[in-house]
Amino acid sequence: MALNIESLAEATSGAVGSLLSTTILYPLDTCKSKYQAELRAHGQAKYRNTLDVLLEAISSRQVLSLYQGLGTKNVQSFVSSFIYFYGYDFFKKLYLKKSGFKYIGTRANLIIAVVAGAFTVIITQPLDTASSRMQTSDFGKSKGFWKTLSEGTWSEAFDGLGISIILTSNPAIQYTAFDQFKQRMLKEKMKSNRGVDSSPESLSAFSAFVLGAVSKCFATCITYPLIRCKVMIQSAESEGDAEDEAELKARKTISGSLHAIWKREGLMGFFKGLQPQILKTVLSAALLLMIKEKISKTTWVLLLALRRYLFLTRTRLKSS
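Residues numbered from 1 in each chain as written. Predicted model: local features only at pLDDT ≥ 70, side-chain atom pairs only at ≥ 80, totals over all residues. Heavy atoms only, no water.

- Where an unreviewed UniProt entry is consulted, the chain appears under the name NAD(+) salvage pathway protein, with the organism given as Datura stramonium.
- In its Sequence similarities (unreviewed entry) section, the UniProt record describing the chain reads: "Belongs to the mitochondrial carrier (TC 2.A.29) family."
- Under the UniProt heading Subcellular location (unreviewed entry), the note attached to the chain is "Peroxisome membrane". (UniProt positions renumbered as here; feature names shortened; annotations may be inferred.)

1. Quick look at the UniProt feature "transmembrane region" (unreviewed entry) in the chain
Argument step 1. According to UniProt, the "transmembrane region" (unreviewed entry) feature falls on residues 108-127 and 203-227.
Argument step 2. Across residues 108-127 one finds 100% helix and 0% strand; the C-alpha atoms that close the span lie 29 Å apart.
Argument step 3. From the first C-alpha to the last, residues 203-227 spans 30 Å; its make-up is 92% helix and 0% strand. (Helix = DSSP H or I, 4+ residues; strand = E, 2+ residues; numbered from the N terminus.)

2. Thoughts on the environment of Met 268
Argument step 1. Inspection of the secondary structure assignment puts Met 268 in the loop between helix H11 (254-265) and helix H12 (274-319).
Argument step 2. Taking the C-alpha atoms as reference points, Met 268 and Pro 225, separated by 43 residues in sequence, lie 9.9 Å from one another.

3. Here's the deal with the nonpolar core
Argument step 1. Counting residues in hydrophobic clusters, the biggest one holds 18 residues, and the most contacted among them are Tyr 84, Phe 85, Tyr 88, Tyr 175 and Leu 203.
Argument step 2. Where this core is concerned, the elements lending two or more residues are helix H4 (70-99), helix H5 (106-136), helix H8 (169-192), helix H9 (205-234) and H12.
Argument step 3. Non-local contacts of Tyr 84, meaning those with residues more than four positions away in its chain, are made with Ala 113, Ala 116, Gly 117, Thr 120, Pro 171, Ala 172 and Tyr 175.
Argument step 4. Grouped together as the second largest cluster of nonpolar side chains are 15 residues, Leu 167, Met 232, Ala 260 and Ala 286 included. (Core = buried A, V, L, I, M, F, W, Y, C linked by side-chain atoms within 4.5 Å. Buried < 20%, exposed > 50% of the residue type's maximum accessible area, 1.4 Å probe, protein only. Contact = heavy atoms within 4.5 Å.)

4. Observations concerning the pattern of salt bridges
Argument step 1. Summed over all chains, the structure comprises ten salt bridges.
Argument step 2. One salt bridge connects Asp 128 with Lys 230, and the closest N-O pair in it is separated by 2.7 Å. Linking Asp 128 in helix H5 with Lys 230 in helix H9, this pair joins segments that are 102 residues apart in sequence. Across this residue pair, the class does not change: Asp 128 and Lys 230 are buried.
Argument step 3. Among the charged side chains, a salt-bridge network with shared partners connects Glu 38, Arg 228, Glu 265 and Lys 272. (Salt bridge = Lys/Arg side-chain N within 4 Å of Asp/Glu carboxyl O.)

5. So, the side chain of Ser 284
Argument step 1. Its place among the elements puts Ser 284 in helix H12.
Argument step 2. Its relative accessible area of 13% is what places Ser 284 among the buried residues.
Argument step 3. When neighbours within four sequence positions are excluded, Ser 284 is seen to be in contact with Ser 21 and Leu 25.

6. Quick notes on empty space enclosed by the protein
Argument step 1. With the rule as written, the count across this model stands at two cavities of 30 Å³ or more.
Argument step 2. Estimates place the volume of the largest cavity at around 1100 Å³.
Argument step 3. Lining the largest cavity are 40 residues, with Lys 73, Gln 76, Lys 216, Lys 230 and Lys 280 sitting closest to its centre.
Argument step 4. Elements that contribute at least two residues to the lining of the largest cavity include exactly helix H1 (2-24), helix H2 (26-37), H4, H5, H8, H9 and H12.
Argument step 5. For the lining of the largest cavity, the per-class residue count stands at ten nonpolar, 23 polar and seven charged. (1 Å grid on protein atoms, 1.4 Å probe; cavity = no way out; pocket = protein on both sides within 12 Å on 5 of 7 lines; lining within 4 Å. Points joined across faces, edges and corners; volume = space filled by probe spheres on them. Nonpolar A, V, L, I, M, F, W, Y, C, P; charged D, E, K, R; others polar.)

7. Side note on H8
Argument step 1. Here H8 is 24 residues long and its end C-alpha atoms lie 35 Å apart, about the 34 Å a rise of 1.5 Å per residue gives.
Argument step 2. All buried positions along H8 are accounted for by Asn 170, Ala 172, Gln 174, Tyr 175, Thr 176, Phe 178, Asp 179, Gln 180, Lys 182, Gln 183 and Leu 186. (Expected span 1.5 Å × (residues − 1).)

8. A few points about the packing of H5 against H8
Argument step 1. Between H5 and H8, the shortest axis-to-axis distance is 9 Å and the interhelical angle comes to 140°. By the angle class used here, H5 and H8 are oblique. H8 is crossed by H5, and the crossing has right-handed handedness. Of the residues in H8, those in contact with Thr 106, Asn 109, Leu 110, Ala 113 and Val 114 of H5 are Ala 172, Ile 173, Thr 176, Asp 179 and Gln 180.
Argument step 2. Residues of the contact of H5 with H8, tallied by class, amount to five nonpolar, four polar and one charged. (Axes fitted to C-alpha atoms, helices over the stretch in contact; angles between N-to-C directions. Parallel < 35°, antiparallel > 145°, perpendicular 65-115°, else oblique. Left-handed = near helix turned anticlockwise from the far one by under 90°.)

9. Description of the side chain of Lys 272
Argument step 1. Summarising the element assignment, Lys 272 is placed in the loop between H11 and H12.
Argument step 2. Taking the relative accessible area as the measure of exposure, Lys 272 reaches 12% and is therefore buried.

10. Let's talk about a nonpolar patch on the surface
Argument step 1. A cluster of nonpolar side chains, namely Leu 51, Leu 54, Leu 55, Ile 58 and Val 63, defines an oily patch on the protein surface of about 410 Å² accessible area.
Argument step 2. Using a relative accessible area of 41% as the deciding quantity, one classes Val 63 as partly exposed. (Patch = residues over 30% accessible without salt bridge, like charges linked within 9 Å, V, L, I, M, F, W, Y side chains within 5 Å. Areas by Shrake-Rupley, 256 points an atom, 1.4 Å probe, with all protein chains shown as cover.)

11. Brief notes about the state of the cysteines
Argument step 1. Taken as a whole and judged by the stated rule, the model has zero disulfides.
Argument step 2. Free of any disulfide, Cys 217 has its nearest neighbouring cysteine sulfur in Cys 221, separated by 4.5 Å.
Argument step 3. Classification of Cys 217 by relative accessible area gives partly exposed; the value is 28%. (Disulfide = S-S within 2.5 Å.)

12. A look at the packing of aromatic side chains
Argument step 1. Applying the stated criterion to the full structure yields seven aromatic pairs.
Argument step 2. Taken together, a centroid distance of 6.5 Å and an interplanar angle of 10° make the contact between Phe 82 and Tyr 86 stacked. Note that Phe 82 and Tyr 86 are positioned in helix H4 at a spacing of four residues, about one turn of the helix.
Argument step 3. We classify Phe 82 as partly exposed; its relative accessible area is 27%.
Argument step 4. Using a relative accessible area of 27% as the deciding quantity, one classes Tyr 86 as partly exposed.
Argument step 5. Put simply, the rings of Phe 82, Tyr 86, Phe 90 and Phe 91 touch in pairs and so form one group of aromatic residues.
Argument step 6. Over the ring of Phe 139 we find Lys 34; its NZ or CZ atom is 4.8 Å from the centre of that ring. (Phe/Tyr/Trp six-rings, centres within 6.5 Å; stacked < 30°, edge-to-face > 60°. Lys NZ or Arg CZ within 6 Å of the ring centre and 35° of its normal.)

See the structure below:
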């Protein structure tokens, strides 16, 4: 039972951290996504950078539209993080129990992270698709969650599923690197505190922030061309888009989006928006892991208290 409580505490703290980081950074995420979704030749591009997206929102008095799709994104972020962290922590502890090892190796850690990520993506993909379409809609013209999904077929709700599964390598690389660095830092910390009675060691907020930033930056640079393709596949159609229906349909596949980028923007197009992507994802991951590290102990204590309260209540009801 202790295993379940610990996994639940990890999942809850991770989900809360994801929710807060997503909300804080959402305007930046919207600007980044709209910039990435635009596919035009260099001289015809509407946006030169993400700042142009922000200036458009300000000049058109649509600043609040920078938050369009926030509710759906928060639900998707919370649910996916909860499922991911629960699965990741549960299978990691199960592996250690079955193998008899004290620490998990890099290869096993990576496999567990990928499996947990793929399982999460399959469940939450419709939420991810809807939030991306709402976010990349023209300012002031975003539709609600249900209307966004109901306008297309059920299969369209899973647009980008294949590439999302491939991109599970991104958080897998990130969390594996973070976990390995964390274990090494805590080992050193435990050595220096040997012989001193203290509570279980945890990273400081600053250490968690730095480790989260470094691990996410590395993962993002490696997988970025696929990240941009995913945004394009899931993006809403803009009123200013002059492409015909056949071209738009072709862009909804991995090969089609890769070909479209190469044809219109060349090699550098695969890395268009990399800087704001790194800024957003690094800050998001660092905030998530920092918040998770700081509230994980509290979450664990609260869950234990809740379990004890429910047990006592059930005992009283039985005795009465």
